[in-house]
Amino acid sequence: MAIQRKKITVVGAGFTGATTALMLAQKELGDVVLVDIPQLENPTKGKALDMLEAGPVQGFDSSITGTSSYEDTAGSDIVIITAGIARKPGMSRDDLVNTNAGIVKSVCENVKKYAPDAYVIILSNPVDAMTYVAYEALGFPKNRVIGQSGVLDTARYCTFIAQELNVSVEDVRGFVLGGHGDDMVPLVRYSNAGGIPIEKLIPAERIEAIVQRTRTGGGEIVNLLGNGSAYYAPAASLVQMTEAILKDKKRILPVIALLQGEYGYDNLFMGVPAILGGDGIEKVFELELTDEEKAALEKSAQSVRNVIQIVKG
Ligand SMILES: NC(=O)c1ccc[n+]([C@@H]2O[C@H](COP(=O)([O-])OP(=O)(O)OC[C@H]3O[C@@H](n4cnc5c(N)ncnc54)[C@H](O)[C@@H]3O)[C@@H](O)[C@H]2O)c1
Ligand SMILES: O=C(O)C[C@H](O)C(=O)O
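Reading the values: the criteria
Every residue gets a number counted from 1 within its own chain, in the order that chain's sequence is written. The naming scheme follows written order: chains are lettered A onward, ligands numbered 1 onward. With pLDDT at 70 or above as the cut-off, local features in this predicted model cover only qualifying residues; side-chain atom pairs require 80 or more to be listed or tallied, and sums for whole chains, interfaces and linings still use all residues. By convention in this description, side-chain values take in all heavy atoms of the structure and omit both hydrogens and water. Working definition: helices are DSSP H or I runs of at least four residues, strands are E runs of at least two. Numbering for both runs from the N terminus. We compute the radius of gyration over the C-alpha atoms and compare it with the globule rule, which gives 2.2 Å times the number of residues raised to the power 0.38. For the exposure calls, accessible area comes from a 1.4 Å probe over protein chains only, and a residue counts as buried if that area is under 20% of its type's maximum, exposed if over 50%, partly exposed in between. Contacts between residues were defined by any pair of non-hydrogen atoms, one from each residue, lying within 4.5 Å. Positive charge is attributed to Lys and Arg, negative charge to Asp and Glu, and no charge count is given to His or to the chain ends. Think of each charge as sitting on NZ of Lys, CZ of Arg, CG of Asp or CD of Glu. Here a residue is near a molecule or strand as soon as one of its heavy atoms is found within 4 Å of it. Polar contacts, as counted here, are pairs of nitrogen or oxygen atoms within 3.5 Å of one another; within protein the pair requires one atom able to donate a hydrogen and one able to accept it, and residues that are adjacent in sequence qualify only if both atoms are side-chain atoms. Using a 1.4 Å probe, accessible areas were evaluated by the Shrake-Rupley method; residue-level cover was limited to the displayed protein chains. Ten residues, namely Ala, Val, Leu, Ile, Met, Phe, Trp, Tyr, Cys and Pro, are considered nonpolar, four, namely Asp, Glu, Lys and Arg, are considered charged, and the remaining ones, Gly among them, are considered polar. Any two rings among Phe, Tyr and Trp, with Trp reduced to its six-membered ring, count as a pair given centres within 6.5 Å; such a pair is stacked if its planes are under 30 degrees apart, edge-to-face if over 60, and tilted if neither. To sit over a ring, a charge needs its Lys NZ or Arg CZ within 6 Å of the ring centre and within 35 degrees of the ring normal. UniProt positions are given in the numbering used here, feature names are shortened, and annotations may be inferred rather than shown by experiment.

Caption draft 1: Spatial organisation of the overall build of the chain. Within the chain one finds 10 helices and 14 strands. The C-alpha atoms of the chain give 19 Å as radius of gyration, which agrees with the globular expectation for 313 residues (20 Å, within 12%). With respect to the principal axes defined by its C-alpha atoms, the chain has extents near 55 × 45 × 45 Å. Looking at the 313 residues of the chain, the share that counts as buried comes to 52%. When contacts within the chain are restricted to residue pairs at least 6 apart in sequence, long-range pairs at least 24 apart make up 69% of them. Here the chain contributes 30 positively and 38 negatively charged side chains, and the mean placements of these two sets differ by 1 Å.

Caption draft 2: Structural detail: the site of ligand 1. Taken together, 28 residues form the shell around ligand 1, and within it F15, T16, D36, I85 and N125 come nearest. Contact between ligand 1 and N100: an oxygen atom at 3.3 Å from a side-chain N or O atom of the residue. Expressed as a share of its isolated accessible area of 860 Å², the protein-covered part of ligand 1 is 86%. For the shell around ligand 1, a count of residues per class yields 17 nonpolar, 10 polar and 1 charged.

Caption draft 3: Quick peek at the packing of aromatic side chains. What the rule picks out here adds up to 4 aromatic pairs. Pairwise contacts between aromatic rings join F15, Y231 and Y232 into one cluster. Positioned over the ring face of F140 is R144, at 4.4 Å from the centre of the ring.

Caption draft 4: Broad picture of the UniProt feature "domain: Lactate/malate dehydrogenase C-terminal" (unreviewed entry) in the chain. In this structure's numbering, the residues bearing the UniProt feature "domain: Lactate/malate dehydrogenase C-terminal" (unreviewed entry) are residues 152–309. The straight-line gap between the two end C-alpha atoms of residues 152–309 is 25 Å; of that span, 44% is helix and 23% is strand.

Structure follows, in structure tokens:
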């Protein structure tokens, strides 16, 4: 049988969804189906056609199709869910919970029907709780239901460290643990530039400022944009996760995973470092934490539990 291109569905053709679709095609990771609601079918088709017409200029052969019909998503290898409303200045991500829970649930019912074997990546906010909603609605095994927050939060953290040191972002490593809220936990002790612990390179008060800026990094962009939230770095993060799965790269990335005992949490979705490869979340890494780190993680976990409780009703 001829080798088939991979099929990637992006649900939600707004700022993040459309940007993700274009980046996926630019990297030729597969053929892309962009889905939005029936009322936006023509603009969705228009965006997809416009992106497709960038192919000859940029030299990509991925197809990009705009639709409002889930039949077009049938057999997708990966489904990325960006559908939902975004926050505006003065709002927290948690303010979106009721509206987006309904949207994510209805999207997942279609994913379950038309792409039952897909690996599903959730972006819609509040994303830890939305990953829980998706998991419940899909009924898929936990390795195939993956939330995106840590790649983005870590990208922000590494950007700020590289700026502070005036070094290449390529040499900065670190990761952010916990929920995608203002009490997320950038792990300073496990962060380095060129292998040198950042604690040896940056004064403590500057590190603390970087940690705080990372925690409120989403809000910083929301305030600057005025009418929506970040989408370039979020789209890049989704593409990195998709690539890790489709190419079975076994990247170590922070992802939102269902914890069943790891870090002492049971049945909670939260950001942790994991191997992301051809079978989705293949392994969660459990690190030893100091008492202070444990307390910070517990604060973040409590915030996630509170939002999930709203969804559970
Ligand atoms: N987890 C993260 O790190 C992260 C990062 C960025 C954005 N987000 C979240 O992602 C979501 C999307 O952000 P955005 O900036 O792209 O918003 P946006 O408003 O530009 O786009 C959202 C799109 O979803 C569509 N949509 C709504 N209901 C739908 C449904 N039932 N089926 C299909 N499509 C539907 C809308 O019509 C719209 O086009 C928001 O909830 C935002 O908070 C999360
Ligand atoms: O901040 C937001 O509302 C969007 C997203 O979660 C982000 O961190 O950029």
